[in-house]
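Listed below, chain by chain, are the residues.
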Amino acid sequence: MSRRRTIVVVEDEDAIRRAIVDALRACGHEPVEAADGELGLTEARRSGVDLVLLDLLLPRKDGFDVLSELRQTHPSLPVIILTARGSEDDRVRGLRGGADDYVVKPFSARELLARVDAVLRRSPERVAPPVRICGSEATVDCARREVCRNSGERVALSEMEANILERLAAHAGRAVSREELLACVWGLRDGHVETRAIDMHITRLRQKLAGDATDAPDEWIVTVRGKGYMLGPKLNVVTDVESASEENGS
Ligand code: CA
């Protein structure tokens, strides 16, 4: 694999979960363990997750419920279902519920890794994080979490602000709801933090991005009434795939 991927492993059977984690780590991936459905959903919603391996029979929250709740906030995060139930019904239900693929237990590490690679390959545009976001007066360097103004001034973004901006960039062209931002940036489900906290972060982020250019407050983040926030349509988002091809001169 060319790039290290963060993969959430939601599986309650310790021996199986550890075997999967060992296999992923041996391939250079970064596995995150969750032994029940509730924890699995929380981990899957954190920012930076590339793929979820999801068992169906789980304590605290069924795998199907995890999948349907995850799809409400993360419609395109790759999910592979792990099922001991050999029944066709479960596989069809999982795929209809938005899973990208499934593996039937017992499976070999080799088979699982092949599926993981195939699903990640199929969705390169979905997992490519933004490297730079370019506006008329400034550019954001996502790795450094820094706003670089054309004047040469540099402003640091907090981790939270950078995560919000990256989330908006990953879904450029559509509004991202406050609930979705809350779930993916804080890893929280509804009720724990006021959605107003999101608005406060957005206000600070806008100030850092626009600087003194008070005539263009919405260039970076557009408020979509009743829906949430959207990345400014005139910004140019450069992902790691594109920047790699730039470096290769193609
Ligand atoms: Ca299970």
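Quick caveat: nothing in here was measured; it's all calculated off a predicted structure.

Donor atoms from the polypeptide that coordinate the calcium ion comprise Asp-12 (OD), Asp-55 (OD) and Leu-57 (O), at 2.1 to 2.3 Å from the metal. In the primary structure, the donors to the calcium ion are separated according to the pattern D-x42-D-x1-L. Here Asp-12 is found in the loop between strand 1 (6-10) and helix 1 (14-26), whereas its partner Asp-55 is found in strand 3 (residues 51-55), with 43 residues between them in sequence. Overall, Asp-12 belongs to the partly exposed group, its relative accessible area being 28%. For Asp-55, a relative accessible area of 3% translates into the label buried.

In this fold, Ala-156 is placed in strand 9 (residues 154-156). Measuring from C-alpha to C-alpha, the distance between Ala-156 and Arg-145 comes to 6.1 Å, with eleven residues separating the pair along the chain. Residues contacting Ala-156, with those up to four places away along its chain left out, are Arg-145 and Lys-208.

Quick look at the pattern of salt bridges now. What the rule picks out here adds up to 18 salt bridges. Between Asp-55 and Lys-105 there is a salt bridge, and its shortest N-O distance comes to 3.1 Å. Taken as a pair, Asp-55 in strand 3 and Lys-105 in the loop between strand 5 (101-104) and helix 5 (109-122) lie far apart in primary sequence, 50 residues in all. You can call Lys-105 buried: its relative accessible area is 13%. Put simply, Glu-153 and Arg-149 hold a salt bridge, and the shortest N to O gap is 3.0 Å. Relative accessible area serves as the criterion here: at 43%, Glu-153 is assigned to the partly exposed category. When salt bridges with common partners are traced through the structure, they connect Glu-11, Asp-55 and Lys-105 into a single cluster.

Before going further, it helps to spend a moment on the sheet that holds strand 12 (residues 236-239). Taken in spatial order, the five strands of this open sheet run 9-8-7-6-12, and their pairing is antiparallel. Since the sheet does not close on itself, it has two edges, and those belong to strand 9 and strand 12, each with one partner. Here the strands of the sheet are splayed against their neighbours by 20° on average, with no regard to which way each runs. As judged from the three bridges shared by strand 8 (residues 146-149) and strand 9, these two strands associate in the antiparallel manner. Along strand 9, the bridge assignment pairs Glu-146 with Ala-156. Each of strand 6 (130-134), strand 7 (138-141) and strand 12 is contacted by helix 7 (residues 159-170), which is oriented at about 90° to strand 6, the strand it contacts most. Here helix 9 (residues 196-210) sits on the sheet in contact with strand 7, strand 8 and strand 9, set at roughly 35° to strand 8.

Definitions and limits used
Residues numbered from 1 in each chain as written. Predicted model: local features only at pLDDT ≥ 70, side-chain atom pairs only at ≥ 80, totals over all residues. Heavy atoms only, no water. Donors = N, O, S within 2.8 Å, 3.2 Å for Na, K, Ca; no water. Helix = DSSP H or I, 4+ residues; strand = E, 2+ residues; numbered from the N terminus. Buried < 20%, exposed > 50% of the residue type's maximum accessible area, 1.4 Å probe, protein only. Contact = heavy atoms within 4.5 Å. Salt bridge = Lys/Arg side-chain N within 4 Å of Asp/Glu carboxyl O. Pairing = 2+ DSSP bridges. Axes fitted to C-alpha atoms, helices over the stretch in contact; angles between N-to-C directions.

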